[in-house]
Amino acid sequence: MPLPTSTLLGFMADNLEKRNSVMPLSSHRMTQWAAGLDLPQGGESILYTGHMYQMIPALEYVEQMTSRFEDHWMGKLFPVGRVLNKYFNLSWFLSRVRREEQRRYDEYLRNIVRLLRTAGVGEFGYLYGEELYTGALVHDLGLDDVFEEHVHKVYKILVKHGVKRVITVDPHTTDMLRNVYPKIIPEYGLEVKSYLQVLRELDQKPTSRLESDIVMHDSCVYARYLDTVEEPRGLLEKAGATILEPEQSGKLTFCCGGPVESLFPGKAREIAGRRIEQLAAAGRDVVTMCPICLLNLRNAAKGNGTSVRDISGYLMKAYGGLEVSSGDIVEED
Amino acid sequence: MARVNSEFIDEIRQSDSFDASACMHCGQCTAICPMGLDLLPRRLFFYVGAGLEDKVIENRETIFSCLLCKLCEENCPRGVNIADDVRFLRNYINRKVHKLARN
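On a predicted model such as this, the values are computed, not experimentally measured, just so you know.

**Things to note about the sheet that holds strand S1 (residues 45-48) of chain A**
All names here are of chain A.
1) Next: The three strands are arranged S1-S2-S3 in an open sheet whose pairing can be described as parallel. Sheet topology places S1 and strand S3 (191-194) at the edges, where each strand pairs with a single neighbour. Looking at each pair of strands side by side, their axes are set apart by 25° on average, direction ignored.
2) Next: Summarising the sheet, S1 and strand S2 (residues 165-168) pair through four bridges and their orientation is parallel. Residue pairing across strands places Ile-46 opposite Val-166, the latter belonging to S2.
3) Next: Helix H8 (residues 171-184) contacts S1, S2 and S3 of the sheet and is inclined by roughly 160° relative to S3.

Listed below in structure tokens is the structure:
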């Protein structure tokens, strides 16, 4: 028996409506990554995380739990959970899970800030606890009225802080803020660029060479929604890396399975498995630029000798100068 | 037996965004779909165009299984906004079947 689609959709809609996120975690959990970076609050230019990297460890935990309920009688209890969740935040305990893993995902964000600073992007702020999830998943699932209400909330906060330019860190948030929000808010005039685009435009000279053969996994959203294909390749190749293209790459990239993980975890695993086979056939060091791809492909790669890493670690090694972090690039295989 | 629902046709026609009528049923999308969704989008759009609401709702698991990855759009000779059309149908099902409309 599949998971109860209607109930899960209701869960997500309720959470976004009442708690501003499909996975309402504590403000501390969402913002702790920025501690010590001295980012000003707000400003005309800001970094917008959209909570995507921060949510991954808890998301993985939830996915492991819910996938156990697929084809299990316990799945029948989901409707009861939805009723309870309207009154009590059933996600409250998620702010306490996978803390070690959280540090790694926080480090990706810290690396992105360091990269932007080293490249000389100029001052940019962060909204800290006022930053909200963009509602990307709720939009994709066709829960339009809840999503549109949420978009207005996010926009109001951006206006309040006088934001004019936004630097994003993941493709889903970029697509929402650049392509989808303007359709809902006619007066929307924000300039939205991903940090990969910003770094590529600044054309910084590498401070270290990358003597690596890297298999490129393009995110569907970056490649086909945002036309961001050259930027990651250009940045890595300029530092000396050799890009290995899998069977399907660039505009014809193959999905990681992530978009259906919330409703059909079994189908998502199957797609991720097929993608990791394509990637492993091209080489053993795979790079991703979306936290959802990272999660799904990393899980699919377990035991097959392939390592999957976020691009920020490679970029930090190549362009981070003296600020090289001990974080990502030396992570586990 | 599938029944034609004229109200369904009217509602779809009122949408500016649903452009599946441009589909010429060549089958490229179905051939390239990572999910191997035989139904999507070609046959699905046929059901919509014919006003077969029952058939659309019957296939809602397939509609919610779409990855919205747009690989099909990249290969669509008629430039149909397939992902947006699928999202449109999700919204329709959420309102009519899942009863998740707020307004």
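There's plenty left to go through after this.
**Let's talk about the sheet that holds strand S4 (residues 213-216) of chain A**
Residue and element names in this part refer to chain A.
1) Next: In spatial order, the strands read S5-S4-S6-S7; together these four strands make up an open sheet with parallel pairing. The open sheet has two edge strands, strand S5 (242-244) and strand S7 (307-310), and neither has a second partner. Taking each pair of neighbouring strands and ignoring which way they run, the sheet shows an average axis angle of 40°.
2) Next: As paired elements, strand S6 (residues 285-288) and S7 share four bridges and run parallel to each other. Bridge assignment links Val-286 to a residue of S7, and that residue is Val-308.
3) Next: The strands touched by helix H11 (residues 230-238) within the sheet are S4, S5 and S6, with S4 carrying the most contacts at an inclination of about 180°.

**Focus on the packing of aromatic side chains**
1) Next: Enumeration according to the criterion identifies 11 aromatic pairs over all chains in this entry.
2) Next: For the pair Phe-147 of chain A and Tyr-181 of chain A, a centre-to-centre distance of 6.3 Å together with 75° between the ring planes defines the contact as edge-to-face. With a gap of 34 residues between them, Phe-147 of chain A in helix H7 (residues 144-160) and Tyr-181 of chain A in helix H8 connect regions that are remote in the sequence. An identical accessibility class is assigned to Phe-147 of chain A and Tyr-181 of chain A; each is buried.
3) Next: Judged by centre distance (5.9 Å) and plane angle (80°), the rings of Phe-18 of chain B and Phe-45 of chain B are edge-to-face. With a gap of 27 residues between them, Phe-18 of chain B in the loop between helix H1 (6-14) and helix H2 (28-32) and Phe-45 of chain B in helix H3 (residues 42-49) connect regions that are remote in the sequence.

**Some points on the packing of helix H5 (residues 99-118) of chain A against helix H9 (residues 195-202) of chain A**
Residues and elements named next belong to chain A.
1) Next: The contact between H5 and H9 brings their axes to 10 Å, and the two run at 25°. Put simply, H5 runs roughly parallel to H9. The two elements H5 and H9 cross, and the hand of that crossing is left-handed. Of H9, the residues touching H5 (which contributes Ile-112, Leu-115 and Leu-116) are Tyr-195, Val-198 and Leu-199.
2) Next: Grouping the amino acids of the contact of H5 with H9 by side-chain chemistry returns six nonpolar, no polar and no charged.

**Things to note about the nonpolar core**
It is characteristic of soluble globular proteins that their nonpolar side chains tend to be buried jointly.
1) Next: Residues Tyr-195, Leu-236 and Leu-315 of chain A are the most contacted members of the largest nonpolar core, which totals 137 residues.
2) Next: Composition of this core by domain shows at least three residues from each of domain 1 (5-199) and domain 2 (205-323) of chain A.

**Notes on empty space enclosed by the protein**
All names here are of chain B.
1) Next: Tallied over the full model, the rule gives four cavities of 30 Å³ or more.
2) Next: There is about 140 Å³ of room inside the largest cavity.
3) Next: Surrounding the largest cavity, 17 residues form its lining, Cys-33, Pro-34, Cys-66, Cys-69 and Cys-72 being those nearest its centre.
4) Next: For the lining of the largest cavity, the elements supplying multiple residues, two or more each, are helix H6 (71-74) and helix H7 (82-96).
5) Next: Ranked by residues supplied to the lining of the largest cavity, first place goes to H7 with three residues.
6) Next: Here the lining of the largest cavity is composed, by residue class, of 16 nonpolar, no polar and one charged.
7) Next: Roughly 100 Å³ of volume is contained in the second largest cavity.
8) Next: Forming the boundary of the second largest cavity are 14 residues, of which Cys-23, Cys-26, Cys-29, Cys-76 and Pro-77 lie nearest the centre.
9) Next: Residue composition of the lining of the second largest cavity, by class: 10 nonpolar, three polar and one charged.

Quick notes on the rules
Residues numbered from 1 in each chain as written. Chains lettered and ligands numbered in written order. Predicted model: local features only at pLDDT ≥ 70, side-chain atom pairs only at ≥ 80, totals over all residues. Heavy atoms only, no water. Pairing = 2+ DSSP bridges. Helix = DSSP H or I, 4+ residues; strand = E, 2+ residues; numbered from the N terminus. Axes fitted to C-alpha atoms, helices over the stretch in contact; angles between N-to-C directions. Contact = heavy atoms within 4.5 Å. Phe/Tyr/Trp six-rings, centres within 6.5 Å; stacked < 30°, edge-to-face > 60°. Buried < 20%, exposed > 50% of the residue type's maximum accessible area, 1.4 Å probe, protein only. Parallel < 35°, antiparallel > 145°, perpendicular 65-115°, else oblique. Left-handed = near helix turned anticlockwise from the far one by under 90°. Nonpolar A, V, L, I, M, F, W, Y, C, P; charged D, E, K, R; others polar. Core = buried A, V, L, I, M, F, W, Y, C linked by side-chain atoms within 4.5 Å. Domains from an automatic or database assignment. 1 Å grid on protein atoms, 1.4 Å probe; cavity = no way out; pocket = protein on both sides within 12 Å on 5 of 7 lines; lining within 4 Å. Points joined across faces, edges and corners; volume = space filled by probe spheres on them.

Everything listed is a geometric property; what it means functionally is a separate question.
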